[in-house]
Each structure stands twice: as C-alpha cells, then as structure tokens.
Amino acid sequence: MTLFRQLLITIVLLLSLMLVVVMAINFQTTKSYLIDQLRSTTQDSATTLSMQVSDFMALEDYTSVESYVNAVFDSGYFSEVRIHVYATDENIVRSNVIKVSGVPTWFTDVIDFDVPTAKAVISNGWNELGQVYVTGSAGYGYYQLWLASRDLLLSFLAIGAACVLLGGLLLRWLFKPLVEVEKQAEAIQQRRFIQMKNLPKTRELKSVVESMNRMVANLEREFAAEAQTAQWLQAKAFKDPVSGLGNRNYFESQVSAHFADADRTYDGLALVSLLDLSKINNEMGYEAADNFIRTAAGVLEKHLLSFPNATLARLNGADFVALIPNIETDRLKGLVGAIMADLHELVGARISYSDAVANIGAVVIDASVERSNAMAQADAALRSAKQAGANQFSVFDSDMGQQMAIGRMAWKDMLEHAIEHKSFVLRRQAVASANDLNILLQQELYASLEFEGKHYHAGYFIGLAEQFDLGEQVDQVIIQRVIDAIARSTDVGPYVVNLSASGYAKLSFVSWLDNKLQELPDRLKQKIAFEVSEQSVLGAEDHAFLLAQTLKRHKVKFGIDNVGKQFSAFQYLQNLMPDYVKVDPSYTKMAIGKESESFFMHTLCKMFNSLNIDVIATGVETDKQAEILKRFDISGLQGYGIGRPVDFDN
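Throughout what follows, the structure given in this document is the object of discussion. (Residues numbered from 1 in each chain as written. Predicted model: local features only at pLDDT ≥ 70, side-chain atom pairs only at ≥ 80, totals over all residues. Heavy atoms only, no water.)

### Some remarks on the environment of Val364
Examined against the element boundaries, Val364 turns out to sit in strand E8 (residues 358-366). The exposure class assigned to Val364 is buried, which follows from its relative accessible area of 0%. (Helix = DSSP H or I, 4+ residues; strand = E, 2+ residues; numbered from the N terminus. Buried < 20%, exposed > 50% of the residue type's maximum accessible area, 1.4 Å probe, protein only.)

Next comes the structure, spelled out in structure tokens:
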C-alpha cells in the first residue's frame, strides 16, 4: 500500500474516531437534557393539576376532575395522566399507547429512554383527597434524540468528506516530490540516470532528493567509465589506429565465428591491396601515407554500408580484407568494380600520388569451402589481378551449388510465393542457463523458406527480402506462424523471433505488431520474445527505441543480438534497456582463450550487469567452453554445444 493511501486512511480513521467520541458525548448530553426537560414538564403539570382539581375533589365532583385530566393530557406530551381518589380508592385515568413516528425502529430498539413519572398530592385544607401521577411520552424524547443524532452525523459526514478531499489534494501536493523520487528510483533500476531539477521546500524531502541526485551522478559516472573502458579495450584489441577499421585480430575472430556457423550459406571474400604505399611513405612522409590509408578505408566502408553483416578489416600496411555474406557473383563483381573506380579517383584528388592505386581479388564461396581454402582462393584472385596490371580486379566464381544458380528475380518470385502461401518452416535452438544446463531460458526460432520441396534457411533469403522491400511482410508471416505454433505448444518458452532491420524500421510494422500483441492473452505474451541485431540498432536507434517501448508496454521480452561486433559505444543500451543481450560469438572464443583476452569479456559482462541486462554467450561448441564461461557473469549459453536447432512443431 502506498504512503499516500496509508496517510489518507489514517486521516479517515482519526476523523471517524473523533466523530464517534463527539457523537457519544452529544448523544448523552441531549438524552440527559431531554429527560430533565420531560421530568420538569411532568412535575409542573402534576402540581398544577393537583391544585386545579382540589376543590372539585372536596365536592366529589369527579366529572369535573376528569375534564381537567383530559385537558392536561391533551395539552402536553404525556403517555398517561392518572388521579387516585382516596375516598373511593379508584383511579381517574387518561392514557395512550406510545407511538414513535419519524424514528427508525432499530433506533428505539437500541436506545433505552427512561421516561419520568411525576407525582403531586391533592389536598383541601389539611385533608389529603388523592394523588396525581403524570408520565411523560417517550415518543417525543426518541424523536428529538433521533433528529439531533441524524443532523450531527450528516454534518460530520459532509465535513469529513470535505476534509478528506482537501486533505487528499494537499497530500498529493506535498507528496509530489516523493512521486518524483519514486520515478527517479525506478529510472535508476532501469539504469536511466535522471536528476531532479526542482528541489522540494520541505527540509527532509530536500535532503532525500539531493542524496538521490548525488547517487545518480555517481552511477552515471561509473557506467560511463565502464562503457569507456570497454570501448577502449575493444579498440585496443580489435581496431586499427590508422584506418579506423578492424585489425587482423578482429578479422580472425569474426571469420572464425562465421565459418563455425553450420547455417552459413555463400559468401564473398575480397582482398584489397594498395599499391606504392611504401613509395608514398618514403617520398611524401607518413602523414601522406596514413591519409591514403584512411581515405581508402573510407571508400571501402562507404560501399559496404549496404551489406550490414559484412566484416571489413585491415590486415597489414597495404592490405584490406572484406567478408560479405549472402552475395552472388554478379553483385560481387559490381561491388568490386565500383570500389576500384572510386579508389582510382584518389589519383585525381592527389591522395595516392601515383597512378597505381590498388588491386582487388575476390571470390564467391559456398558453405563447403573451409576458411583456409577460402583465403587461398581470394589470394589467388588477387595475384591474378596484379598480373593483369595496376588498378585491375579479378573475381573468381567457385562451385556454389544449385542455390546460387537461382537468379534475383526468381528469388523475388519465391519470396512472394512464400509470403502468400505462408510456406515458412520453423526450427528452434535452446538457450540454457549458465548455472544449470538442464534449465532452458529461451528457445530461438529460425525460419526456412520452403519451395518446391526444398528448404532455404534465412541466410539465403533475408538479405534478398530486404533488398526487395519484403522484409516487413516476411516478418509478419513468420510472427503469425510463431503465434499459431506457441498457442498449441505446452512448453513454457519464451520463443525468440528475430526481426529484420527493414521490418521494424517501418512504423506500419510496429503498429501492426502492437495491435497483434494487444489481441494476445497474457499467457501467450509470456511465451514470445523478440530480438534485433546490434548492426540494425546502430543504423536505426530511434526505430529500435519505439519497438522496445512497444514490447515493454505489453511486457514482452526484448533482446539485442551480435552485441560487440560493431565498433561503437554502448550508450544505446541505456536508451533501449533490453532484457538481455547476446554477445557476438567472437567474444565467446576470446573468453575461453588467453587471460588478457578474457578480461575484455569480463569487462563487457560487468557493464551489462550494471544495467541489469542479462548476458547470453553465443557460439558455445563444447562442454569445456560451457564450463569456462560459468566463471563470467553470464546468464545463458547458446550454441551447438548446448543444443542444435531442431524442428519446431508448427
């Protein structure tokens, strides 16, 4: 119960207690007053009547006596007027049954009203002729007592309601700083560091707010320091200081994780070699050489922006390498040709200082090609380009199987057919608790496109779906399939659905998802979760924030995949506040490697946990790796060592 309600209830109880006490005192006072007044009235009436009838009693004119009895009875609130005649030992009586009108029955049953009876002696001279008895009416007393009690109660209720209303408004005004402190505390719990600008006037509340502000400032500095340390370590380990691209270690870690993925499809691998770099360094100085490297790196980055999953790195002084997943030969040739054309323009810009700028060798490989063989083929393509002369490129097309024989327009037709007929098959992969591998934290779902008896997993069609602007429709179909499947499933879940960048970047998709979740019962919402890649978040953080807020409003879990793959600050985590992050597989391999490399994983986990974000390590392949990863602040593990993807009953 809130403090506001507790204080309001206290006020009501105090007012009620005061009402009970005042009413009890007022009731007793009114009752005593009415009894005393009735006693006085009956005594006066009895005395007066005795004096009026004394002469008639002496004459034994009892008819006149009875007339006076009737007159007295009718003139006041009496239940009985009686005269006892000593001479005849008889009574002259006038009485009436007590009727209490205008008073609830329960009131007369509960309240005991003592009706007084007054007496007076009838005498004539020294002779006593009789006795007068006058008994008051209880109806009058009950009626007056009821009116007084009712009016007092109504007055107190009106005053009490007004006091509660005004008191509630005043308490809300007084508690406004406390409400802000509560919001601030909730924000801190969510690792959003906000400070209160308007300090309350109350000394105690002002002290609390100032303390909270100091704590928020300290936490914000600590998180900024942790994020900066993680970013510095990441740059130190993986970033080339001259080009700003990844270095050889970065490329090796990314390629190792990529080639370990059994679901990889076909890739483009390109080697770029800058020419006459040593000549520029010797003749123009290292600043000119560094500028040449940075400009060439910028050209490569610009052309690879449209390939969000590409890995670009500088291997050594003059050589760059790019791994481009899901690209066919024609697109790779177009990409390499465009890069070479832009690199050649550096001559006219007086950046290369030589007509010989670069050579590029590239190759398209399928999932059957090993990593070492892939690099050998790319190197052979580069040698072929160098033999052809400066500023030449060569693209080799290895045997990639039937999948690569499908043209782009054929893929578009297949995607549209799959969307229309909802022909997607789901697989699931377990994510286990790091503390107990028998406990499932979630199950990630993978979609495959089914066409003419063949299955093509996401690596084949997601990139093309985004190129054809079909990502939103694909996501909608898959989400509906997942909802239908979990509605029939007895498993707890949650089942994780990956969203494409081109999907959630559209407001229409987020609105559709919002309406779809609105229709689901809470038990199904608890069995579904969504995640997006870090690469897509960095390109559309505002859209990712809108998506995260929509999911949080429905209490649906939200995560970010491949965290740490990009060279970026982790400040976006403060804005999005995901429920969990999945660290890129390359960091998993680092964590189980050298102690100096595992320190970076420790730093990342510490930073994520300081934001109350669960950390899931991906790419776990062996029980030994799982055992080593338990030393880190990791919540879950995912990979072939935990469980391979299996069919999901849909």
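### Some points on the packing of aromatic side chains
Evaluation of the coordinates by the stated rule reveals three aromatic pairs. Relative to Tyr68, the ring of Phe56 has its centre 5.6 Å away and its plane inclined at 35 degrees; by these criteria the two rings are tilted. Taken as a pair, Phe56 in helix H1 (residues 3-58) and Tyr68 in helix H2 (residues 62-75) lie far apart in primary sequence, twelve residues in all. On the basis of relative accessibility, which here comes to 30%, the residue Tyr68 falls in the partly exposed class. (Phe/Tyr/Trp six-rings, centres within 6.5 Å; stacked < 30°, edge-to-face > 60°.)

### Description of the environment of Glu345
Along the chain, Glu345 falls in helix H9 (residues 329-348). Taking the relative accessible area as the measure of exposure, Glu345 reaches 54% and is therefore exposed. Sequence separation of Glu345 and Asp355 is ten residues, and the distance between their C-alpha atoms is 9.6 Å.

### As for empty space enclosed by the protein
One pass over the structure, following the stated rule, counts two cavities of 30 Å³ or more. Lining the largest cavity, in full, are Ala270, Val272, Leu300, Leu304, Leu312, Ala322, Ile324, Leu335, Val336 and Ile339. The set of elements that each furnish at least two residues to the lining of the largest cavity consists of strand E5 (266-274), helix H8 (286-304), strand E7 (319-325) and H9. In terms of residue count, H9 provides more of the lining of the largest cavity than any other element does, three residues in total. Of the residues in the lining of the largest cavity, the class split is ten nonpolar, no polar and no charged. Looking at the second largest cavity, its volume works out to about 40 Å³. Within the lining of the second largest cavity, the residues separate by chemical class into one nonpolar, five polar and two charged. (1 Å grid on protein atoms, 1.4 Å probe; cavity = no way out; pocket = protein on both sides within 12 Å on 5 of 7 lines; lining within 4 Å. Points joined across faces, edges and corners; volume = space filled by probe spheres on them. Nonpolar A, V, L, I, M, F, W, Y, C, P; charged D, E, K, R; others polar.)

### Regarding the pattern of salt bridges
A side chain of one charge can pair with a side chain of the opposite charge if their charged atoms are brought near each other. Tallying each qualifying case throughout the model produces 14 salt bridges. The salt bridge involving Asp514 is made with Arg553; its shortest N-O contact spans 3.1 Å. Placement of the pair is Asp514 in helix H15 (residues 507-519) and Arg553 in helix H18 (residues 541-553), with a sequence separation of 39 residues. Within this structure, Glu444, Glu531 and Lys582 form a network of salt bridges that share partners. (Salt bridge = Lys/Arg side-chain N within 4 Å of Asp/Glu carboxyl O.)

### Quick look at the pairing of strand E4 (residues 127-136)
Most of E4 is tucked away: seven of the ten residues are buried. Examined bridge by bridge, strand E1 (residues 78-85) and E4 share seven bridges and lie antiparallel to one another. Opposite Glu80, over in E4, you have Thr135 as the bridge partner. In the sheet, strand E3 (residues 117-124) pairs with E4 via eight bridges, with the strands oriented antiparallel. Paired with Lys119 across the two strands is Tyr133, which belongs to E4. Following E3, the chain reverses through two residues before pairing antiparallel with E4; Gly125 in that reversal takes a positive phi of roughly 70 degrees. (Pairing = 2+ DSSP bridges.)

### Quick notes on the sheet that holds strand E9 (residues 393-397)
Sheet architecture is open: five strands sit in the order E6-E7-E5-E8-E9, paired in mixed fashion. The outermost strands of the open sheet, each flanked by one partner alone, are strand E6 (311-314) and E9. Going from strand to strand, the sheet's axes swing by 10 degrees on average, the running direction of each strand aside. Sheet topology note: the E6/E7 ladder contains four bridges and is antiparallel. Looking at E7, one finds that Arg314 is bridged to Phe320. Taken strand by strand, helix H6 (residues 248-259) contacts E5, E6, E7 and E8, and its axis lies near 150 degrees from that of E6. In this fold H9 packs onto E5, E7, E8 and E9, with an angle of close to 165 degrees to the strand it touches most, E8. (Axes fitted to C-alpha atoms, helices over the stretch in contact; angles between N-to-C directions. Contact = heavy atoms within 4.5 Å.)

Functional significance is not addressed by these values, which are geometric in nature.
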